[in-house]
Amino acid sequence: EAIEALGYNVVTHGQKTLKGVERLWKLPFGETRSGLAGEDEDTHARFLEGVVTLKTGVLRVACLYLPNGNPPQTDKYTYKLKWMSRLLEYSRQRLKTEEPLILAGDFNVIPAARDVHNPAAWVNDALFRPATRASFQSLLGLGLTDALRPVTDAPGHTPFWAHQPGPGHAHQGLPPLHS
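Residues numbered from 1 in each chain as written. Predicted model: local features only at pLDDT ≥ 70, side-chain atom pairs only at ≥ 80, totals over all residues. Heavy atoms only, no water.

### Let's talk about a nonpolar patch on the surface
Taken together, the side chains of Ile3, Leu6, Tyr8 and Leu24 make up a nonpolar region of the molecular surface, amounting to roughly 360 Å² of accessible area. Of note, leucine 24 is situated in strand E2 (residues 20–25). Overall, leucine 24 belongs to the partly exposed group, its relative accessible area being 37%. (Patch = residues over 30% accessible without salt bridge, like charges linked within 9 Å, V, L, I, M, F, W, Y side chains within 5 Å. Areas by Shrake-Rupley, 256 points an atom, 1.4 Å probe, with all protein chains shown as cover. Salt bridge = Lys/Arg side-chain N within 4 Å of Asp/Glu carboxyl O. Helix = DSSP H or I, 4+ residues; strand = E, 2+ residues; numbered from the N terminus. Buried < 20%, exposed > 50% of the residue type's maximum accessible area, 1.4 Å probe, protein only.)

### A look at the nonpolar core
Core analysis: the biggest nonpolar cluster contains 17 residues, and Phe47, Leu64, Leu87, Tyr90, Leu103 and Leu139 have the highest contact counts within it. Counting only elements with at least two residues in this core, the list comes to strand E5 (57–65), helix H2 (75–96), strand E6 (101–106) and helix H3 (130–141). Sort the elements by how many residues they give to this core and H2 lands first, with 5 residues. When near neighbours in sequence (up to four residues on either side) are disregarded, phenylalanine 47 contacts His13, Val21, Arg33, Ser34, Gly35, Leu36, Ala62, Cys63, Leu64, Trp83, Leu87 and Tyr90. Counting 9 residues, the second largest nonpolar core, distinct from the first, contains Val21, Val52, Val61 and Cys63. (Core = buried A, V, L, I, M, F, W, Y, C linked by side-chain atoms within 4.5 Å. Contact = heavy atoms within 4.5 Å.)

### Brief notes about the packing of aromatic side chains
Tallied over the entire structure, the rule returns 2 aromatic pairs. Taking the centre distance of 5.0 Å and the plane angle of 75 degrees together, the rings of phenylalanine 47 and tyrosine 90 count as edge-to-face. In this pair, phenylalanine 47 is assigned in strand E4 (residues 47–54) and tyrosine 90 in helix H2, connecting sequence segments 43 residues apart. Side by side, phenylalanine 47 and tyrosine 90 carry an identical accessibility label, which is buried. Note on phenylalanine 107 and phenylalanine 136: the rings are 5.9 Å apart at their centroids and 85 degrees apart in plane angle, and the pair reads as edge-to-face. With phenylalanine 107 in the loop between E6 and H3 and phenylalanine 136 in helix H3, this residue pair connects regions lying 29 residues apart in the sequence. Judged on exposure class, the residue phenylalanine 107 and its partner phenylalanine 136 are both buried. Between lysine 26 and the ring centre of tyrosine 8, over which it is positioned, the NZ or CZ distance is 4.6 Å. Across the ring face of phenylalanine 128, the terminal group of arginine 133 is positioned such that the distance to the ring centre comes to 4.3 Å. (Phe/Tyr/Trp six-rings, centres within 6.5 Å; stacked < 30°, edge-to-face > 60°. Lys NZ or Arg CZ within 6 Å of the ring centre and 35° of its normal.)

Shown next as structure tokens:
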């Protein structure tokens, strides 16, 4: 209520655990939908999309909390890769509509070695495994753009951030991908 009192429209999709996504926007939402298509049994609160109308047309914004996948020798990593495959298919279908799209949130991916201080410390982490990075590159291959890299490639600027100390303990996010 306090956020709405500041003039924001709020839509949430969450669970009692650590999973959840939300959208705060000054403009009213048109359609909204929670859950990523492709797996009816998946009840994790990891995806929320909505449409806002701008002067130039509609804009679809999808907020996501991609699975971490650690430890990679478990079903958690299999789930992560399947979820990424579903996100790729969602993106492929959305881009066919030629409607502007933003994917924003916690991608739980370290796209490249330059995105961490000590890449060797991350070699066995689900966020940096080759299959994870390849799946993320597939999103970019659709024509989506990592919002940071067109602005700067300078050292010290990275789409990866860790809010827990030490290698192997990270949650991170990427700047939005957009078409």
